Amino acid sequence: MKYLGIDPQKVRVGVFDFTGCEGCELQLANKEDSLLDFLSLLEVVNFREVSSDRGDDYDVALIEGNISRADEIDRLKDIRAKAKVLVAIGSCACFGGVNQQKNRFELDDVVKEVYGDHKVETDKVKRIADVVKVDLEIPGCPVSKEEVERIVVNVVLGAEIKIPKYPVCVECKQKVNTCVVDLGQICLGPVTRAGCDAVCPSGKVGCLGCRGPAEDANFESLKQILMDKGHSDSAIVERLRFYGAFNGTVG
Ligand code: SF4
Ligand code: SF4
Ligand code: SF4
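Residues numbered from 1 in each chain as written. Chains lettered and ligands numbered in written order. Predicted model: local features only at pLDDT ≥ 70, side-chain atom pairs only at ≥ 80, totals over all residues.

(A) Quick peek at the site of ligand 3. Residues in close proximity to ligand 3 include Val-168, Thr-192, Cys-196, Ala-198, Val-199, Cys-200, Pro-201, Cys-207, Leu-208, Gly-209, Cys-210 and Arg-211, which together make up its full environment. At three residues, helix α8 (residues 199–202) tops the list of elements feeding residues into the shell around ligand 3. Class assignment of the residues belonging to the shell around ligand 3 gives a composition of nine nonpolar, two polar and one charged. (Near = placed C-beta within 6 Å. Helix = DSSP H or I, 4+ residues; strand = E, 2+ residues; numbered from the N terminus. Nonpolar A, V, L, I, M, F, W, Y, C, P; charged D, E, K, R; others polar.)

(B) Just the domain arrangement of the protein, in detail. By domain assignment, the protein separates into domain 1 (11–157) and domain 2 (168–240). Computed over C-alpha atoms only, the centres of domain 1 and domain 2 are separated by 27 Å. Taken together, the contact between domain 1 and domain 2 spans eight residues of the former and six residues of the latter. The element that contributes the greatest number of residues to the side of domain 1 that touches domain 2 is helix α4 (residues 91–95), accounting for three residues. Its residues assigned to classes, the side of domain 1 that touches domain 2 shows four nonpolar, three polar and one charged. (Domains from an automatic or database assignment. Contact = placed C-beta atoms within 7 Å.)

(C) How the structure looks around the environment of Ala-217. Mapped onto the fold, Ala-217 is located in the loop between α8 and α9 (219–228). Separated by 25 residues in the primary sequence, Ala-217 and Phe-242 have C-alpha atoms spaced 17 Å apart.

(D) The arrangement of the pairing of strand β4 (residues 85–89) in detail. In terms of residue burial, β4 counts as a mostly covered element, since five of its five residues are buried. Residue alternation in β4 divides its side chains into two sets, Val-85, Val-87 and Ile-89 and Leu-86 and Ala-88, and both sets are buried. Strand direction decides the pairing type here: strand β3 (residues 60–64) and β4, joined by five bridges, are parallel. Note that in β4 the partner of Glu-64 across the bridge is Ile-89. Examined bridge by bridge, β4 and strand β5 (residues 136–138) share three bridges and lie parallel to one another. Looking at the pairing, Ala-88 lines up with Glu-137 of β5. (Buried ≥ 20, exposed ≤ 12 C-beta atoms within 10 Å, placed from the backbone. Pairing = 2+ DSSP bridges.)

Below is the structure:
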């Protein structure tokens, strides 16, 4: 049986980075405890952070980062043409991530101040899906290595791929955390898709929404609750804009 056009056998995988911090790739590389089991199912033919091999014969392309230069568009289209399945990994690839914040500002003066007369090419940030067809998106900043591993294995085996639709609050409550909203913080847990084990609120830091919207997220209710707690509309909107995951739901 094929799944997403691939025979369930040892699959060739390429990992590619575009504009981003490479933290998601580091998550994948940092897997000593389960790396051997993982690699027994697939063959990594291109992964700059871990190998000097540069194979072009991959079935699955994992794409990290977003697109902010013209040459990246050509490179991404070339990868798309070669890959049977293209997976965007991380908030940068899925939503634009932290980098998309620059789209809201005119940065000519900043670039001049930092780089002087040195020519810097940096266009408005695009998501991977703005440039090519994306088969799967695995959000997170960085991605959860367990989740990427589980999803890639499911692609290989032809098993169903599940990413939680319920909000971070569910995982947070399962951990019996004190709600940071009651401690005076803004937290996007009620509107953000779970799957990170509520790592930020568990560390007493409000969720910034790096995994994108949960199903049926009620932004208006969250805004009202946070404003009733004394937070300003601009502070809430700023939080929602942080990763670009809620663009379209906020002004
Ligand atoms: S999603 Fe986060 S960790 Fe991954 S490349 Fe972007 S900034 Fe880095
Ligand atoms: S801390 Fe955040 S994620 Fe946890 S219950 Fe409160 S609002 Fe939800
Ligand atoms: S708690 Fe929110 S910001 Fe933190 S990892 Fe989870 S989804 Fe991302």
